[in-house]
Amino acid sequence: MSGPAGRGLRITAVVVVVGLIVGVVVDRVAARVVAGQIATQAQRTEHLPSRPTVSLGGFPFLTQVVAGNYRNVRVDVRGHVEQDVRVDRVHADLAGVRLPLADVVRGEVRRIPVDRLTARVELTFADVNAYLRSQGSTAAVSPDGQGIRVAGSVEILGTAYPVSGTADVGVQPAAVTFTPRELSGSVGAILPPALRQAAAALLTVRVPVAGLPFNMQLTSATVMADRIAFAAGGHDVVLDADAATAGR
């Protein structure tokens, strides 16, 4: 097509393409601004030593900005430490995050309600064993396929006997427990009843996984090659820096 009509169509096409490009750029800039606001508020509210990584799902994003309601906000917290226990990673998916556009524009975000969240909490065996050593325990835990192996030593009449065996994993809202079963001595030796009871008591350990961000609670555990991954959840969470500061 040539002539004025053709040129008009080409101009229209260029305008549409440029408009789309500008729209995408503005969309991504808005996403970064909102993610930064949420990250700052999460760090203040949860008293995190470092700024969490925040990303936002859903496209187009500007419709969520205008509505002030974000469908999927992903927050990553690394190296969270509470009660001498280091949690390697907390990955939280927040749904129904409400953040008015006016607050974002003014840079005065102080309170962010969240409808619900699901999370993955990862605790490495290295960090678990570091905690146990800090508590003076001789117990150590390691993966055994999809289960857990515990090992340690028990002292009777001045002699230390190495023992090991499988353990059951118990998940509490703010802790994980390892309860040994099928314990044996070195080279598979069967333990006498008195030694078995002492070893079981020694190797039964509880590791606090407390003070997690967003008041989340553990619900289940999966054993992996170098860590335990917990499912966790929460609801009606509010990121409120003023309330968090007043409650300290």
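See the structure printed just above.
Read on for an overview of the structure. Keep in mind that this is a model prediction, so the values were computed, not measured. (Residues numbered from 1 in each chain as written. Predicted model: local features only at pLDDT ≥ 70, side-chain atom pairs only at ≥ 80, totals over all residues. Heavy atoms only, no water.)

A few words now on unusual backbone geometry. Generally, phi is negative for residues other than glycine and the peptide bonds are trans, each holding for most cases. Located in the positive-phi region is D84, a residue other than glycine, with phi close to 70 degrees. With respect to the helices, strands and loops of the structure, D84 is situated in the loop between β3 (73-82) and β4 (85-98). Taking relative accessible area as the criterion, D84 reaches 58% and is therefore assigned exposed. At F214, a residue that is not glycine, the phi angle is positive and equals roughly 65 degrees. A relative accessible area of 2% means that F214 is categorised as buried. (Helix = DSSP H or I, 4+ residues; strand = E, 2+ residues; numbered from the N terminus. Buried < 20%, exposed > 50% of the residue type's maximum accessible area, 1.4 Å probe, protein only.)

Each full turn of the α-helix corresponds to 3.6 residues, which orients residues three or four apart in the same direction. What helix α4 (residues 125-134) keeps buried is the set F125, D127, V128, N129, Y131 and L132. One or two residues past the end of α4 sits G136, with phi positive at roughly 80 degrees.

Core analysis: the biggest nonpolar cluster contains 57 residues, and V121, F178 and M216 have the highest contact counts within it. When near neighbours in sequence (up to four residues on either side) are disregarded, F178 contacts V128, V141, I148, V150, A167, D168, V169, L203, T204, V205, V207 and I228. (Core = buried A, V, L, I, M, F, W, Y, C linked by side-chain atoms within 4.5 Å. Contact = heavy atoms within 4.5 Å.)

With that settled, consider the pattern of salt bridges. Scanning the entire structure with this criterion turns up 11 salt bridges. Put simply, D127 and R86 hold a salt bridge, and the shortest N to O gap is 2.9 Å. Linking D127 in helix α4 with R86 in strand β4, this pair joins segments that are 41 residues apart in sequence. The class for D127 is buried, based on a relative accessible area of 14%. Here R86 falls in the partly exposed class, since its relative accessible area comes to 32%. Residue E122 is joined to R227 by a salt bridge in which the shortest nitrogen-to-oxygen separation is 2.7 Å. (Salt bridge = Lys/Arg side-chain N within 4 Å of Asp/Glu carboxyl O.)

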